[in-house]
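# Fold and contact review
The residues making up each chain are set out below.
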Amino acid sequence: MEKRIFLFDGKAKQLYTTDDPSLVVILYKDDVSAYNGIKKSSIQNKGILNNKISEIIYKTLEENGIKTHFVKRLDDRAQLCKKISVFPLEFIVRNVIAGSLARRLDMEEGFRPCNTIFEICLKSDFLNDPLINEHHAVALNIISYEELQKIYHFSIKTNQIVTKLFDDAGIDVIDMKLEFGYDEEHNLLLADEISPDTARFWDKETKNKLDRDRFKRDMGKIEESYFEILKRLTT
């Protein structure tokens, strides 16, 4: 599959057309950012590692009945994916209190609540990706209540599958950001990526952070932590 016209340059990925109008090539970059692009850098091999980690996760999801945009990994940095129209929303699934939620609720990071917490953010750099609820999303004519119920169902199942995959690798899934959209045949699919860039992963025993928080909090050893995830998922 040949990549053709450059479409989009995101914070961590680039998007290209292919000779099939229903498919795109997603290229994973080494760029890393935080706080809506205020903090930026480049981490050697990050794109390669995220590409391979996301491939493992999405293949596992597909095998367990979750429909995704992923078709196949083309090389170290590129994936072939279905072209989809993505909702301008991030659906955050939280198993453990961490990050912004800990600050907002003045709770200790690492506390595991009795329930799984679901949040929605409006994808808007101008508005700093504000936290909204389902009624706001419907009022903005972005999505319907029926579509939200389907997405919650997919999110719950996705969380269960990914948590089991990582639990077997000795890693806790703290939280993750999910994106959804429709392909050209109007199938609702999981999009984007699930990787240490979009989820929090902690070692089950040491609670050592193995994700982008290492960059956000100047903890160092970012490439090594991403590589540790890939190693555990492939051994």
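Everything in this summary refers to the structure shown in the same document. Just so you know, these numbers come straight off a predicted model, no measurement behind them.

All chains considered together, the criterion is met by 29 salt bridges. With a closest N to O distance of 2.5 Å, Asp197 and Lys46 form a salt bridge. Residue Asp197 is found in the loop between strand S14 (188–190) and strand S15 (199–203), and its partner Lys46 is found in helix H1 (residues 46–63); the two are separated by 151 residues along the sequence. For the pair Asp197 and Lys46, one class covers both residues: buried. The closest approach of N and O atoms between Asp175 and Arg94, which form a salt bridge, is 3.4 Å.

One open sheet accounts for 3 strands, arranged S8-S13-S14; its pairing is antiparallel. The sheet is open, and its two edges are formed by strand S8 (84–86) and S14, each paired on a single side. Going from strand to strand, the sheet's axes swing by 40 degrees on average, the running direction of each strand aside. Here S8 runs beside strand S13 (residues 180–183); their pairing, made up of 3 bridges, is antiparallel. When the bridges of S13 are listed, Ile84 appears paired with Asp183.

Cut-offs and rules
- Residues numbered from 1 in each chain as written.
- Predicted model: local features only at pLDDT ≥ 70, side-chain atom pairs only at ≥ 80, totals over all residues.
- Heavy atoms only, no water.
- Salt bridge = Lys/Arg side-chain N within 4 Å of Asp/Glu carboxyl O.
- Helix = DSSP H or I, 4+ residues; strand = E, 2+ residues; numbered from the N terminus.
- Buried < 20%, exposed > 50% of the residue type's maximum accessible area, 1.4 Å probe, protein only.
- Pairing = 2+ DSSP bridges.
- Axes fitted to C-alpha atoms, helices over the stretch in contact; angles between N-to-C directions.

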